[in-house]
Amino acid sequence: VSVDGSPWFSMREGLDRLQQKGHEVVVVAPEVSLHVKPSENFVMKMYPVPYTQEEMDNAFKAYFNTTFEEGSFFERFFKVVEATKRFTDFCFSSCTHLLQNKELIRYLEESKF
C-alpha cells in the first residue's frame, strides 16, 4: 500500500529491486496521488477517492507555500497547522475509501496480499 509524498521515492526503489529479482509487485493506491503513478515494474490496484488531482495539488502547494510566508511566528504557525490539517484530511479520506472498497478488499484478501 503506497505511502505518497517523499517516502514513495525510497519505497519505489525497493519495489523496483524486488521486481528485478522476479517478485510480482502490486501497489495499492488512490486514483489521485502526488507521486504514485503506474509503472511497468509493478501492477497498480487503484481505488476512487472523493477529491480531484487539482484539489490535492492545491492543498500541497498551500502547505508548501506557508513555509515561506512572512508574518509573525504565531501567524505562520497557525497557517502551517491549518495547511497540515487540510493535507492530512486527504490522507484520512484515502484510507477510509480504501477500507470501504469491498471489491478491492476482497481482491487483497483472496490474493493474500
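Everything discussed here concerns the structure shown above.
Since this is a predicted model, take the numbers as computed values, not measurements.

Novice: How would you sum up the state of the cysteines? Please name residues and give values.
Specialist: In the structure shown here, the tally under the stated rule is zero disulfides. In this structure cysteine 91 is not part of a disulfide, and its nearest cysteine sulfur, from cysteine 95, lies 7.1 Å away.

Novice: Break down unusual backbone geometry for me, with residues and values.
Specialist: Positive phi values are uncommon outside glycine, yet lysine 112 reaches one of about 55°. Following the sequence through the fold, lysine 112 ends up in the segment after helix H4 (102–110). Relative accessible area serves as the criterion here: at 72%, lysine 112 is assigned to the exposed category.

Novice: Please provide a residue-by-residue account of the environment of cysteine 91, values included.
Specialist: Mapped onto the elements, cysteine 91 comes out in helix H3 (residues 73–100). Cysteine 91 gets classed as partly exposed once you look at its relative accessible area, which sits at 39%. Each C-alpha atom of the pair cysteine 91 and aspartate 4 lies 8.9 Å from the other, and the pair is 87 residues apart in sequence.

Novice: Could you give an account of the packing of aromatic side chains, naming the residues involved and the relevant values?
Specialist: Both the distance between ring centres and the angle between the ring planes are used here to describe each pair of aromatic rings. In this structure the tally under the stated criterion is eight aromatic pairs. An angle of 80° between the planes, with centres 4.7 Å apart, marks the rings of tyrosine 51 and phenylalanine 90 as edge-to-face. Here the residue tyrosine 51 occupies a position in the loop between strand S2 (43–47) and helix H2 (53–66), and phenylalanine 90 occupies one in helix H3, the gap between them amounting to 39 residues. With respect to class, tyrosine 51 is no different from phenylalanine 90; both count as buried. With 5.7 Å between their ring centres and 50° between their planes, phenylalanine 60 and phenylalanine 87 make a pair best called tilted. Here the residue phenylalanine 60 occupies a position in helix H2, and phenylalanine 87 occupies one in helix H3, the gap between them amounting to 27 residues. Within the aromatic cluster, the residues linked to one another by ring pairs are Phe73, Phe74, Phe77 and Phe78. A cation over an aromatic ring shows up here: lysine 45 above the ring of tyrosine 107, its NZ or CZ 4.2 Å from the ring centre.

What counts as what
- Residues numbered from 1 in each chain as written.
- Predicted model: local features only at pLDDT ≥ 70, side-chain atom pairs only at ≥ 80, totals over all residues.
- Heavy atoms only, no water.
- Disulfide = S-S within 2.5 Å.
- Helix = DSSP H or I, 4+ residues; strand = E, 2+ residues; numbered from the N terminus.
- Buried < 20%, exposed > 50% of the residue type's maximum accessible area, 1.4 Å probe, protein only.
- Phe/Tyr/Trp six-rings, centres within 6.5 Å; stacked < 30°, edge-to-face > 60°.
- Lys NZ or Arg CZ within 6 Å of the ring centre and 35° of its normal.

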